[in-house]
Amino acid sequence: IHNDAHGDNLLVAEGGEQSLAILDWQLTTPARPGPDLVGFLVGALETTERRRHENRLLEMYYSVLIQHGITGYSFEQCWDDYLTALVMMASRLATAVGLHPLTARLDGHWNVVFPRYAQALADLGVAELLQQRYG
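What counts and how
Residues numbered from 1 in each chain as written. Predicted model: local features only at pLDDT ≥ 70, side-chain atom pairs only at ≥ 80, totals over all residues. Heavy atoms only, no water. Helix = DSSP H or I, 4+ residues; strand = E, 2+ residues; numbered from the N terminus. Rg over C-alpha atoms; globule rule 2.2 N^0.38 Å. pLDDT = per-residue confidence, 0-100. Buried < 20%, exposed > 50% of the residue type's maximum accessible area, 1.4 Å probe, protein only. Core = buried A, V, L, I, M, F, W, Y, C linked by side-chain atoms within 4.5 Å. Contact = heavy atoms within 4.5 Å. Phe/Tyr/Trp six-rings, centres within 6.5 Å; stacked < 30°, edge-to-face > 60°. Patch = residues over 30% accessible without salt bridge, like charges linked within 9 Å, V, L, I, M, F, W, Y side chains within 5 Å. Areas by Shrake-Rupley, 256 points an atom, 1.4 Å probe, with all protein chains shown as cover. Salt bridge = Lys/Arg side-chain N within 4 Å of Asp/Glu carboxyl O.

### Some words on the overall build of the chain
1) Next: Helix and strand content of the chain: 6 helices and 2 strands.
2) Next: Of the regular secondary structure in the chain, the N- to C-terminal order runs β-β-α-α-α-α-α-α.
3) Next: Its C-alpha radius of gyration of 16 Å places the chain within 12% of the 14 Å reference for a compact globule of 135 residues.
4) Next: Taken along the three principal axes of its C-alpha coordinates, the chain extends 45 × 40 × 30 Å.

### Here's the deal with the confidence of the model for the chain
1) Next: Averaged over every residue, the pLDDT of the chain is 86; residues scoring 70 or more account for 91%.
2) Next: At the level of individual helices and strands, the chain shows its lowest average pLDDT in helix H4 (residues 106-110), which scores 65, and its highest in helix H2 (residues 47-67), which scores 96.

### Side note on unusual backbone geometry
1) Next: At Asn 3, a position not held by glycine, the phi torsion is positive, near 80 degrees.
2) Next: Along the chain, Asn 3 turns up in the segment before strand S1 (10-12).
3) Next: Classification of Asn 3 as buried rests on a relative accessible area of 14%.
4) Next: Residue Asp 24 is not a glycine yet carries a positive backbone phi of 65 degrees.
5) Next: In this structure, Asp 24 sits in the loop between strand S2 (20-22) and helix H1 (34-43).

### Quick notes on the nonpolar core
1) Next: Val 38, Val 42, Tyr 82, Leu 86 and Tyr 117 are the most contacted members of the largest nonpolar core, which has 22 residues in total.
2) Next: Every element with two or more residues in this core is listed here: H1, H2, helix H3 (75-99), helix H5 (113-123) and helix H6 (126-134).
3) Next: Per-element tally for this core: the top contributor is H3, with 9 residues.
4) Next: Apart from residues no more than four positions distant in its own chain, Val 38 is found in contact with Gly 43, Tyr 82, Ala 85, Leu 86, Met 89 and Tyr 117.

### What to know about the packing of aromatic side chains
The relation between two aromatic rings is expressed through the spacing of the ring centres and the mutual angle of the planes.
1) Next: Summed over the entire model, instances satisfying the criterion amount to 3 aromatic pairs.
2) Next: Between Tyr 62 and Tyr 73, the aromatic rings sit 6.5 Å apart at their centres with planes inclined by 45 degrees, giving tilted as the arrangement. In this pair, Tyr 62 is assigned in helix H2 and Tyr 73 in the loop between H2 and H3, connecting sequence segments 11 residues apart. With respect to class, Tyr 62 is no different from Tyr 73; both count as buried.
3) Next: Ring pairing ties together the aromatic residues Tyr 62, Tyr 73 and Phe 75, which thus form one cluster.

### Comments concerning the environment of Ser 63
1) Next: For Ser 63, the location among the structural elements is in helix H2.
2) Next: With relative accessibility at 30%, the residue Ser 63 sits in the partly exposed group.
3) Next: Through-space distance from the C-alpha of Ser 63 to that of Gly 135 is 33 Å; in sequence the pair is 72 residues apart.

### Topic: a nonpolar patch on the surface
1) Next: On the surface, a nonpolar cluster with roughly 410 Å² of combined accessible area is contributed by Val 12, Leu 20, Ile 22 and Trp 25.
2) Next: Relative to the assigned elements, Val 12 resides in strand S1.
3) Next: For Val 12, a relative accessible area of 62% translates into the label exposed.

### Quick look at the environment of Leu 10
1) Next: By secondary structure assignment, the location of Leu 10 is in strand S1.
2) Next: Distance from Leu 10 to Ala 21, taken between C-alpha atoms, is 5.8 Å for residues 11 residues apart in sequence.
3) Next: Not counting residues up to four positions away in its chain, the partners in contact with Leu 10 are Leu 20, Ala 21, Ile 22 and Phe 40.

Here is the structure:
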């Protein structure tokens, strides 16, 4: 995974053919896709757009995995990884702002992205999932 997936790390070419380049690869690690999916779907989309497109985009992502030969990974596990990563990404952002209050980009991350994470946690019932799993 990229591990820092957000709009500032994407370049999109203009013109007839769509082309995408992903920048800033120093945090990459082998892992399940949850953190990158959360970064793109929850962090980058406004809450109303995420709610409208989330399931379809996750299903599309999963179908591409299957088309490229990924086996032994169900859509249910992908969804579970997405929900679990949501907790991790929200806590990562809170920790980063807490540890670096003078250098943190509060307007772009804390005041915009963190409320999106908080709303997604509530919308998707992540507290109940954690209670069932670890309660």
